[in-house]
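What follows is the residue order along each chain.
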Amino acid sequence: MSGPGLQTTAAERTRERGAELLRLALIFGLPAVFIVIPLVTFLIYSFWRVEDGQLVREFGLGNYVEFLRSDSYRFVFGRTLFMSLQVTAINLVLGYAAALFISQRRGRTKYLMVLALIVPLLMSYIIKIYAMRGLLGTNGQLNQLLMAIGLLSEPSDLFLFNLTAVRITLSVVLLPFMILPIFVALERIPASFLHASADLGASPWQTFRLVTLPMSLPGAVAGAMFCYVLASGDFLAPELVGGTRGFTYGRAVFSQFGMAFNWPFGAALSVILLGVAMSVILLAGRLARSRWADR
Amino acid sequence: MTAETKSGRLVLHGVSKHYGTTRVLDGIDLSVESGEFLTILGPSGSGKTTILRMIGGFTEPTSGSILFDEVDVTDVPIHRRPFNTVFQDYALFPHMTVVQNVGYGLRVRGLRRREIETRAHEVLALVALEGLEQRYPAQLSGGQKQRVALARALICEPRLILLDEPLAALDAELRRRMQQFLKSLQRRVDITFIYVTHDQEEAIGMSDRICVINHGVIEQVGPPLEVYYRPRSGFVATFFGDNNLINGRVVERTEPGIWRLETGLGPITCSDDLLSGYEEGAPVTLAVRPEAIGLRAVVGAGTEAGEADNALRGTVNRVEFSGPISEVTVQVGEQTLLAKMTSTVSALPVQPGDAVRVTWNSGDGAIIAGDAEHHYRPDEEST
Amino acid sequence: MGRPVSLVRRSLLARLTGRRLVASSLGAVTGFVFLALYAPILLVAVLSFFRLRRGKILWDSFSFQWYAELLSNRQLAEALTSSLVVGFFSVLVTLVLATLMAFYTDRQDTRWTLALRFVIFLPFLLPPIITGLSLLVFFKEIGLSRGLITVIIGHSVFVLALVYQTILTRLQALSRTLVEASQDLGATRWQTVRFVLLPNLRMALVTASLLAFALSFDETMITLFLVGDNATLPVRLYAMMRVGFTPEINALVTLILLFSTLLTIGIARFVGRDAGAQVGL
């Protein structure tokens, strides 16, 4: 126990310093060991190779060269990035409209709608994909619906086990990630800004274009970032609804750690994905950073 | 401009605002002339901001109408009203520079960029903000933001500018400077200003007329001097600084121009111009400002007549020195009266326990109809 | 002089229809969004009670048969146990660590704290496949074999950012002088934490725990790389789904959905109580 004296004893100081060191070790040490070092290990792995089922720990660019030489990998890579872009674009339009609509509701309605967005967010990812598979199949309810309203005369297999199925599934599954950041950004715009704009003579449309839209842009950027990064790296959705025609880059990576068992090559493929993700995150950071924010 | 042919008068006609059973405003009748500086003054929660918001179009009245130039504008949407507002928190768009903020009103009217910039520079010069055009609001001081908000409202050349406690966020010194600035600016641009505040000094210093409002009802409208010296309600009498309220009854005219009142303190004389329109026997309240009251020590037992119209005997309760003025409370009969006297270095004018004569002239003070009971207490304001 | 502002109102009809059109199309999109989010899930729930023939639901086939069969599935019971164990320890680990980090980084914008924040947010921002892979490779190199421990570490790394942010947000809302007042009154650093900070953080800690547990309970992509013989529930489900549709899966999925819905509503209520109307992620 510390005495009533004003001076700290040597023992107290030692103990304090010990506690402080332990604290720093936990705070900085654990993330370093379990986040930074694994990422670095995995980066190093991408330069090694496998020969006759044995790991060869020698530095080399072989894996990257193989990726660049292989038409099929480059094709799948490009196709996946483009598909992610489509998913992001669709969700940006749908998500912004929905977020705007919800933010204009009041009281309880608004609260319940937001809750209804968060519920699917915390639902098991694969369950949602599984549910989509049921809906999209040849005997699925989407086909039933389209036939019932006369758009189709017989069940179509267009919606399952191809890239369209992956697009639809990812769009649906990632929608809350798009809507919520936009909604939060819209909610943060004080009503007095909208009042001021109208007071100065702006029509509702002008107020939307000149005040609401630019001020909610950081939210849209964040939503688009989540959407793109998650879509481009996903392998569960294509695995479950993509079939053989819906092969994506994420599956290519995943397969290296399963049947192919070529970990270094898989690591290299994911380092390329990591590069894409990091570029998107940095780009989003730059876009969302406002010149006008308090600093 | 088309203003020459039109009156530019704003009229509120029986305007009320109810939220459920809560009456925020009740039957407001108010007329504001073109070019006038009118202050709506009242404590927090009195409904003064609601009036402003209804003129601006942000809140719809439950009943009543608002007319401008004899046209009913009650249902005209915000962006079509020729009024502009300076918001309490300024509401400067954070993602626009100063010049973009100021030019906003012209931009949404489809003016060309060159013209917007020229006009924006002119208005910024008017509020002495040249050189800050490319700053963002976050990089401005409170006073600068205030002037940008003002410039942004001015550039639209509105017929009316609504100011919602625009100086509340500024420190005392800056507030004084901005008061003078606002007043002189208003004279130069010749636009009607409707200014909402809870600060009495601000209202007295700047306004052509003051509209005092309390509990959603207008208590009195008039020039600052009138509202201060001729209050028509107990609230107004006590809202502008201290006042002594003496309840009584009109008795009779004793001599030409002088009336006698019967009060709890005994008979009091009161001059004709205060009492016009009252009948004998009517209950009234006399409000006498503490600075109109004189105190003199009682030397002998006799009365010294002729020095003041009213002279009451009393005993000093308490003397409080506060700089140039000493506040003295005197017990007169059942009532306590407050007097304010200039102090001197050598001595305070009176001591507690002194027997004194309390005097004032029959022409000082104001008469309020009935027994005025509602005294304004500053602590009500915090609710 | 500027253009005179017209007081003339646009025809009421034109104004109403214009605004209505915008509002109703926004409403239609929102309706479509909610339909897309919920229709598949509700369908699964329906199919857990009814039979299906050639895509048509047989409405007279209602039964609890598939729920009954779940009870006798030992693999699923084991998977559920694994998930609960993993969830519990992940929450415990992240709660302690995130609280320490939040205290340390609160109102401190040094190069080190910024770097720390960046690092713990990486697993949250990066595709899960990368977090999973990097941990897999790392564990392989240090010779830690796959099992529940590796899954717990993976989940902790994944949810740390969210738990940290939840606690930090609450901490930043507390007045700075609270800590100073406590110290001024003679409390040691630990006493300040114990008597002043933790009671104020209670709601945030509960919210963060529920959130972390929900995320851990559902996590699949990282887990697939790190799991050993003791599959967690989503991993077991994934294995079953690859084989095909079975009504049994529908029943299980319905139960899990019900559970996550209740959990979410619970979190929302805690968040709501803690922060008033503020909606946190």
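Residues numbered from 1 in each chain as written. Chains lettered and ligands numbered in written order. Predicted model: local features only at pLDDT ≥ 70, side-chain atom pairs only at ≥ 80, totals over all residues. Heavy atoms only, no water.

### Looking at the overall build of chain A
For chain A, the helix and strand inventory stands at twelve helices and two strands. Listed by position from the N terminus, the elements making up chain A come as α-β-β-α-α-α-α-α-α-α-α-α-α-α. Over its C-alpha atoms chain A spans a radius of gyration of 26 Å, topping by over 25% the 19 Å that the globule rule assigns to 295 residues. The C-alpha extent of chain A, read off along each of the three principal axes, is 90 × 75 × 35 Å. The proportion of buried residues among the 295 residues of chain A is 54%. When contacts within chain A are restricted to residue pairs at least 6 apart in sequence, those whose partners lie at least 24 apart make up 66%. For chain A, the exposed surface amounts to about 14100 Å²; the carbon and sulfur share of it is 66%. (Helix = DSSP H or I, 4+ residues; strand = E, 2+ residues; numbered from the N terminus. Rg over C-alpha atoms; globule rule 2.2 N^0.38 Å. Buried < 20%, exposed > 50% of the residue type's maximum accessible area, 1.4 Å probe, protein only. Contact = heavy atoms within 4.5 Å. Areas by Shrake-Rupley, 256 points an atom, 1.4 Å probe, with all protein chains shown as cover.)

### Thoughts on the domain arrangement of chain A
Here chain A is described as being made up of domain 1 (4–45) and domain 2 (70–294). The straight-line distance from the C-alpha centre of domain 1 of chain A to that of domain 2 of chain A is 39 Å. (Domains from an automatic or database assignment.)

### Quick look at the interface of chain C and chain A
Between chain C and chain A, the residue contacts involve 82 residues of the former and 80 residues of the latter. Scanning the region where chain C abuts chain A turns up two salt bridges. The residue Arg242 of chain C makes a salt bridge to Glu239 of chain A at a minimum N-O spacing of 2.8 Å. Where chain C touches chain A, the interface holds seven residue pairs in polar contact (both at pLDDT 80 or more). (Salt bridge = Lys/Arg side-chain N within 4 Å of Asp/Glu carboxyl O. Polar contact = N/O pair within 3.5 Å; in protein donor to acceptor, adjacent residues only side chain to side chain.)

### Section: the packing of aromatic side chains
Counted by the stated rule, this structure contains 40 aromatic pairs over all chains. Clustering of aromatic rings is evident, with ring pairs tying together Phe235, Phe254, Phe257 and Trp263 of chain A together with Phe225 of chain C. The ring of Trp263 of chain A has Lys140 of chain C lying over it, and the distance from NZ or CZ to the ring centre is 5.7 Å. (Phe/Tyr/Trp six-rings, centres within 6.5 Å; stacked < 30°, edge-to-face > 60°. Lys NZ or Arg CZ within 6 Å of the ring centre and 35° of its normal.)

### A word on helix H6 (residues 141–148) of chain A
Those residues of H6 of chain A that fall on the buried side of the exposure criterion are Gln141, Asn143 and Leu146 of chain A. At the C-terminal side of H6 of chain A, Gly150 of chain A shows a positive phi close to 85°.

### Overview of unusual backbone geometry
What is expected of a backbone is that most residues other than glycine have negative phi and most peptide bonds are trans. We note that Ala91 of chain B has phi near 50°; this positive angle belongs to a residue other than glycine. Within the secondary structure, Ala91 of chain B sits in the loop between strand S6 (83–86) and helix H2 (98–107).

### A closer look at the side chain of Asn84 of chain B
With respect to the helices, strands and loops of the structure, Asn84 of chain B is situated in strand S6. Given the relative accessible area of 2%, Asn84 of chain B is considered buried. From its side chain, Asn84 of chain B meets the backbone oxygen of Asp199 of chain A in a polar contact 2.5 Å long. With residues near it in sequence (within four places) discarded, Asn84 of chain B still touches Asp199 and Leu200 of chain A together with Ala153, Cys156, Pro158, Leu160, Ile161 and Leu162 of chain B.

### Quick look at the sheet that holds strand S1 (residues 10–19) of chain B
Residues and elements named next belong to chain B. With antiparallel pairing, four strands are arranged side by side in an open sheet as S2-S1-S4-S5. The sheet terminates laterally at strand S2 (22–32) and strand S5 (71–72), the two strands that pair on one side only. Relative to S2, S1 is paired through seven bridges, and the arrangement is antiparallel. Each residue of the ladder has a partner; that of Lys17, found in S2, is Leu25. Lying on the sheet, helix H1 (residues 48–56) is in contact with S1, S2 and strand S4 (63–68); it crosses S1 at an angle near 115°. (Pairing = 2+ DSSP bridges. Axes fitted to C-alpha atoms, helices over the stretch in contact; angles between N-to-C directions.)

### Describing the sheet that holds strand S3 (residues 37–41) of chain B
All names here are of chain B. As summarised here, the arrangement of the six strands in space is S6-S7-S8-S3-S9-S10, forming an open sheet in which the pairing is mixed. Two strands bound the open sheet, and with one partner strand each, they are S6 and strand S10 (217–222). Pairwise comparison of adjacent strand axes, ignoring direction, gives a mean angle of 20° for this sheet. The sheet contact formed by S3 and strand S9 (residues 209–214) spans four bridges and is parallel. Bridged to Leu38 within S9 is Arg209. Strands S3, S6, strand S7 (160–164), strand S8 (192–197) and S9 of the sheet are contacted by H1, whose axis makes an angle of about 145° with S7. Helix-sheet contacts for helix H4 (residues 142–154) involve S6 and S7, and the interaxial angle to S6 is about 175°.

### Describing the confidence of the model for chain A
Averaged over chain A, the pLDDT score is 87; the fraction of residues at 70 or greater is 95%. Of all secondary-structure elements in chain A, the lowest mean pLDDT belongs to H6 of chain A, at 76, while helix H3 (residues 71–103) of chain A reaches the highest, 95. (pLDDT = per-residue confidence, 0-100.)

### Quick look at the confidence of the model for chain B
With 91% of its residues at a pLDDT of 70 or more, chain B shows a mean pLDDT of 86. Among the prediction metrics, the complex's ipTM stands at 0.86, with pTM recorded as 0.81.

### Points about helix H8 (residues 191–199) of chain A
All of the buried residues along H8 of chain A are Ser192, Phe193, Ala196, Ser197, Ala198 and Asp199 of chain A. Looking at the buried side of H8 of chain A, the elements it contacts are helix H9 (204–233) of chain A together with S6, H2 and H4 of chain B. With its phi angle positive at about 105°, Gly201 of chain A sits one or two positions after the end of H8 of chain A.

### Section: the packing of H4 of chain B against helix H5 (residues 172–189) of chain B
Residue and element names in this part refer to chain B. Following both chains from N to C, one finds H4 and H5 inclined at 15°, their axes separated by 12 Å at the closest point. With respect to H5, the element H4 is oriented roughly parallel. The way H4 lies across H5 gives a crossing that is right-handed. On H5, the residues that touch Gly143, Gln146, Arg147, Leu150 and Leu154 of H4 are Leu174, Met178, Phe181, Leu182, Leu185 and Val189. (Parallel < 35°, antiparallel > 145°, perpendicular 65-115°, else oblique. Left-handed = near helix turned anticlockwise from the far one by under 90°.)

### Here we look at the environment of Val217 of chain B
All names here are of chain B. Note that Val217 resides in strand S10. A relative accessible area of 38% means that Val217 is categorised as partly exposed. For the pair Val217 and Ala151, spaced 66 residues apart in sequence, the C-alpha to C-alpha distance is 32 Å. Once you skip the residues sitting within four places of it in the chain, Val217 turns out to touch Asp26, Ile28 and Val212.

### Considering the side chain of Asn243 of chain B
All names here are of chain B. Among the structural elements, Asn243 can be located in the loop between helix H8 (234–239) and strand S11 (244–255). Take Asn243: its relative accessible area is 13%, and that puts it in the buried class. A polar side-chain atom of Asn243 sits 3.0 Å from the main-chain carbonyl oxygen of Ala237. Among the polar contacts listed, one links the side chain of Asn243 to the backbone nitrogen of Val288, at a separation of 3.3 Å. With near-sequence residues (within four places) excluded, Asn243 lies in contact with Pro231, Ala237, Thr238, Ala287, Val288, Arg289 and Pro290.

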